[in-house]
Structure formats: structure tokens, C-alpha cells
Amino acid sequence: MSSLNTDNFPLGLLGGKPDLIYTGIATATVAVLLFYAFNRKPAAKTTDSTKDNKSVRVRSGKMPPQAGSIKVSKILIHPIKSCRGTSVQSARYTPKGIENDRRFCIIDAAKGRVITAREVSKMVLISPRIQADESSPDGGLLAVELPEDSGCESFSVPLRPSEETLSTWTLLKDIIIWPGYDPLDGYICQSSVKGAPSPSDVLSKYFGKPVHLTYKGPLPRAIDATHDFPDLKASAYFQDMYPLLILSEENVKAVEQEIRPLVGTQGINDRWGDAKVMIERFRPNIVLSGGGAFAEDDWEAISIGSADAPNITLVSKCTRCLLPNVDPETGEKDAAVPYKVIMKFRKGLDPVEKMKPCIGCNAVPQAEGIVSVGDDVYVKKMW
């Protein structure tokens, strides 16, 4: 029996065909990168030691845009995390975000883990509708409709449940939103109609496994500091991390321009020759127009409605996963658009996660205020 030639061991296993080795390595590498991108999680928590090693962002010296040149063009609220958003003409905001935005989430009943459309894309077809009623002790209702072909009936829950209502609901204290982070608290929601099926039962049928609809509990959820704001102290509800996501509507036009020449390559379907990229794919809260593509990249602080309105600090660029590949109208996941495209011209912008593309900016309001479609945007401080 001949001895094994260790120098040529891999070639020997594959019949002396190195191209098979390279194909295997390439396939494995792509699989790892896609898994990492789709299962996005926030950057690791900032520590004192990492603060000392961070480079200081250099200011560009650019002048702020003229007042009145940029306006709010759309406001989107996502009452249930990862479910369909709803467009409104006006909304209140607090340092924790837009009122009624991501106060609810759906969790795996067995694992206590938040479920998102990153893993269950048909979540975007669940349509929560806000039915506000200030005369109600619960602030009104959240009416939830599921796709007609799902065989699941609609239901409603209190929009902002009162203490009396919450006293009858089960409080969970160990909801996992991101591995490695402190668990969150949340109440298991009950139907607003006596005798109606519970939201958990209806949604469990839709998901094909036991799940719960939960409403954020009273304990504050601290969010991470960022590279540019290492001393940031703020909180949120069930957002991925930061209270607001702000982006310019011209961003999607720029993405479309990058898509067109790539049609027919890299898995980009022919339909993208003229198909529009819906801004809802990026799940923003406040959409702006008039500043140009990616104008928000250069802003540090803005106010909306008037120069005296509360400052909103843009604390970081929003690094992207594969969730925008999910069509908000069909729930189908595209193999390439927009993630492969934005990877080509929007990565390297975040100083911490340089291999992730960025679209839009994460923001934290400094006080309570109101935002309305048509409001002027005042850029108070530039980078």
C-alpha cells in the first residue's frame, strides 16, 4: 500500500481536479456571507476600551441645505415588528420613536425569541391598522388582518392597553430580541372582543407553530452607543435597535439606476429592467425629499416642522441585511435585489461594520414632537 502524499492530499481526494476545490471553497464562502447578511444583528456593545481606540470622524465642512428645500414626503408606522407598515399624514414622536411604532412583536412561544421577516418573509403580509380612539381607556384598537388565502381570521387588540387591561395579561420577562443582549419584557396580548379566538391562536395557525403577539412591557430597553456617539444614552421598544429610521426618497432612485445595467447578471431578474424599488422595502419611519440621494449621510442633527422643534440626532448609518429583498406586496424574497446591488456602492460607510451596505440613518429624538407630511426639514448640524 503506497504512502499518502500529504502535499497533494486534497487533489487526490478529488481525482486531481483543483477546479472542484475552488468551486467548493467559493460556494462555502458565499453561503457563509449570505447567512451573516441575512441574520443581521447589531454591532457589539461599546465598552470603555473600544471608545479609546475609535477614530474621530472628520467633519466635511459642507454647508447645510437651505431651509425649505427638504420636506417630509411620507411617514410610516409599523405597529407590529416586521409586519406591514401603514402610511399616516401626521404622528407624534418621543425619544423612543414614532407613536405606536413597533410596540408589538411576535415571538416563538417555545423559545421566547422575537420572529422577524428575515426568517419568515410572509410576515410582511400581516396588516395591522391603527384605529385610534382617545376616549377609550386603551387608546383605541389595533385591527390585524391576515391574507385572505391563509384561512386565518382577523382580530383586534387594545392599541395602548391600560394598566387595568394589562393586569389581566401574562407578563413575560425573558423575550430575546438579539443573542447576547439582556432579555426584554412583554405582555401576551388578548383579543379586544370577549370570546373571540386569541391572537396567539390565530397567529400560530398562520406561522404553523406556537407563537405569541406581545406588547412591550414597562422596563426600559437601553440601546447601544454608536461610533460617533459613544456616550449615547437612549431607549427603544421592539425596533432592531434605534428609535427612528430616516431616509431620502431619492435613495431608491439611485438604487434603481444601479440595478438597470446589471439586469440579467448575478441573479438579477429581467423584470428589474423597469420595476420600481418600493421604499417600504427599507422600512423607514420618516421619508424625506428634496435633498438628493443619500443626503442624510452628511447630517448630524435636524429638526422637523420648525427650527425650534426638538432636535433629532442621526446617530449612525443603518447597516442593511437581506430583509429589503422581501417584496412588501407579495412576501416573496428576491435572490439579488436590492442587497447585491447596494453591496456594490454602499458598503464601507459604517466605521464599525465596513462590509455591510448602508441605506438611511438611525436617529434619536431629543424630546417629544409632531411630524407631518409636508413639513420642512431644518438641518441643524452637518458632518
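Structure first, text after, so check above.
Residues numbered from 1 in each chain as written. Predicted model: local features only at pLDDT ≥ 70, side-chain atom pairs only at ≥ 80, totals over all residues. Heavy atoms only, no water.

Caption draft 1: Quick look at the sheet that holds strand S20 (residues 369-372). Taken in spatial order, the three strands of this open sheet run S4-S3-S20, and their pairing is antiparallel. This sheet does not close on itself; its edge strands, each paired only once, are strand S4 (97-98) and S20. Bridge count for strand S3 (residues 90-94) against S20 is four bridges, and the pairing is antiparallel. Following the sheet pairing, Tyr93 is matched in S20 by Gly369. (Pairing = 2+ DSSP bridges. Helix = DSSP H or I, 4+ residues; strand = E, 2+ residues; numbered from the N terminus.)

Caption draft 2: Region of interest: the packing of aromatic side chains. With the rule as written, the count across this model stands at four aromatic pairs. Relative to Phe207, the ring of Tyr206 lies with its centre 5.9 Å away and its plane at 75°, an arrangement referred to as edge-to-face. The burial state of Tyr206 is the same as that of Phe207; both residues are buried. Centre to centre, the rings of Phe229 and Trp383 are 6.3 Å apart; their planes meet at 70°, and the pair counts as edge-to-face. Linking Phe229 in the loop between strand S13 (221-222) and strand S14 (235-236) with Trp383 in the segment after strand S21 (377-382), this pair joins segments that are 154 residues apart in sequence. You can call Phe229 buried: its relative accessible area is 17%. When its relative accessible area of 8% is taken as the criterion, Trp383 is described as buried. Between Lys122 and the ring centre of Tyr206, over which it is positioned, the NZ or CZ distance is 4.3 Å. (Phe/Tyr/Trp six-rings, centres within 6.5 Å; stacked < 30°, edge-to-face > 60°. Buried < 20%, exposed > 50% of the residue type's maximum accessible area, 1.4 Å probe, protein only. Lys NZ or Arg CZ within 6 Å of the ring centre and 35° of its normal.)

Everything listed is a geometric property; what it means functionally is a separate question.
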